[in-house]
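What follows is the residue order along each chain.
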Amino acid sequence: MRLTKLEHAALVVEDSGDRLYVDPGKFTTPITESAGTVAVVVTHQHDDHWTPEQLGRIVAANPDVRILGPAGVAAAASDFAVETVAAGDEVDVGPFRLRFFGGRHAQIHPSIPIIDNLGVLVNDALSYAGDSFAVPEGVAVDVLAAPANAPWMKISEVMDYIIAVAPRRAFPTHEMLLSRAGKDLANARLRWATEQGGGEYLPLEPGDAIDF
């Protein structure tokens, strides 16, 4: 399988000509070449993780694509046929086995309601927790998408999260609001945390890809 990092929180996984998109939102370059997409996972309803325009383009190119997300996504994206999933659910789509975990968005501030958020584990290898620090249970994570910046986190929290997961490899996500200096600082901290468990940190930029 090949993972390509896109801007901000989005990524695409490819295997045998099939594609899986995760969280194509407003900070991600419009997705116009999506042929072969069998599924889209949207972790939660915030528009930096999905937009009607992004989903519409993917659906237009792939009418049979399955869109999966928690109940909050199904309500927000009611113009699309979103399949509601919950923590503990497993779904097979093409070559991808998707296991969902977590359930709640990390707190931004007590004044802001906490919404649904689901992490997804792809083929028991790639872990992406959306806007949370949820840890998938019962697996040795090969590749971890680690948030580098967000209103709901500080760098010490993601460092502890990486140490808790102890992935073989980790790369940054959710960093579109960072300057170059901010990315470099986050990469240094996330690299240190990854190496504490013997893992390798990959400072991927949009368009970079790895095999797993």
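Predicted model only: the values in this text are computed from it and were never measured. (Residues numbered from 1 in each chain as written. Predicted model: local features only at pLDDT ≥ 70, side-chain atom pairs only at ≥ 80, totals over all residues. Heavy atoms only, no water.)

Examining the sheet that holds strand 1 (residues 2–5)
Pairing between the strands of a sheet comes from backbone hydrogen bonds, and it takes one of two forms, parallel or antiparallel.
(1) Moving on: With mixed pairing, the seven strands of this open sheet are ordered in space as 6-5-4-3-2-1-14. The two strands at the open ends of the sheet, each matched to only one other strand, are strand 6 (82–84) and strand 14 (209–211). Within this sheet the neighbouring strands show an average axis-to-axis angle of 20°, counted without direction.
(2) Moving on: In this structure, strand 1 lies alongside strand 14, joined through three bridges in antiparallel fashion. Opposite Thr-4, over in strand 14, you have Ala-209 as the bridge partner.
(3) Moving on: Where helix 1 (residues 52–61) meets the sheet, it contacts strand 3 (18–22), strand 4 (37–41) and strand 5 (66–69), and its direction lies at approximately 160° from that of strand 4. (Pairing = 2+ DSSP bridges. Helix = DSSP H or I, 4+ residues; strand = E, 2+ residues; numbered from the N terminus. Axes fitted to C-alpha atoms, helices over the stretch in contact; angles between N-to-C directions. Contact = heavy atoms within 4.5 Å.)

A short note on the UniProt feature "domain: Metallo-beta-lactamase" (unreviewed entry) in the protein
(1) Moving on: Under the local residue numbering, the UniProt record ascribes the feature "domain: Metallo-beta-lactamase" (unreviewed entry) to residues 7–174.
(2) Moving on: As a span, residues 7–174 carries 16% helix and 33% strand, and end to end its C-alpha atoms are 8 Å apart. (UniProt positions renumbered as here; feature names shortened; annotations may be inferred.)

Looking at helix 4 (residues 180–196)
(1) Moving on: Helix length check: helix 4 (17 residues) gives 25 Å between terminal C-alpha atoms against 24 Å at 1.5 Å per residue, within 8%.
(2) Moving on: Listed in full, the buried residues belonging to helix 4 are Gly-182, Lys-183, Ala-186, Asn-187, Leu-190, Ala-193 and Thr-194. Buried positions in helix 4, seen along its axis, are confined to an arc of 135° and lie on one side of it.
(3) Moving on: Check the buried side of helix 4 and you find it contacts strand 11 (143–147), helix 3 (155–165), strand 12 (169–173) and strand 13 (200–201). (Expected span 1.5 Å × (residues − 1). Buried < 20%, exposed > 50% of the residue type's maximum accessible area, 1.4 Å probe, protein only. Arc of directions from axis to C-beta.)

Section: the packing of aromatic side chains
(1) Moving on: Scanning all chains against the criterion turns up two aromatic pairs.
(2) Moving on: Measuring from ring centre to ring centre gives 5.3 Å for Phe-133 and Tyr-161, while their planes differ by 50°; the resulting arrangement is tilted. Here Phe-133, found in the loop between strand 10 (126–128) and strand 11, pairs with Tyr-161, found in helix 3; they are 28 residues apart in sequence, far enough to count as distant.
(3) Moving on: Using a relative accessible area of 25% as the deciding quantity, one classes Phe-133 as partly exposed.
(4) Moving on: Overall, Tyr-161 belongs to the buried group, its relative accessible area being 4%. (Phe/Tyr/Trp six-rings, centres within 6.5 Å; stacked < 30°, edge-to-face > 60°.)

Points about the environment of Val-158
(1) Moving on: Structurally, the position occupied by Val-158 is in helix 3.
(2) Moving on: For the pair Val-158 and Arg-189, spaced 31 residues apart in sequence, the C-alpha separation works out to 9.1 Å.
(3) Moving on: In contact with Val-158, not counting residues within four places along its chain, are Phe-133, Ala-146, Pro-147, Met-153 and Leu-190.

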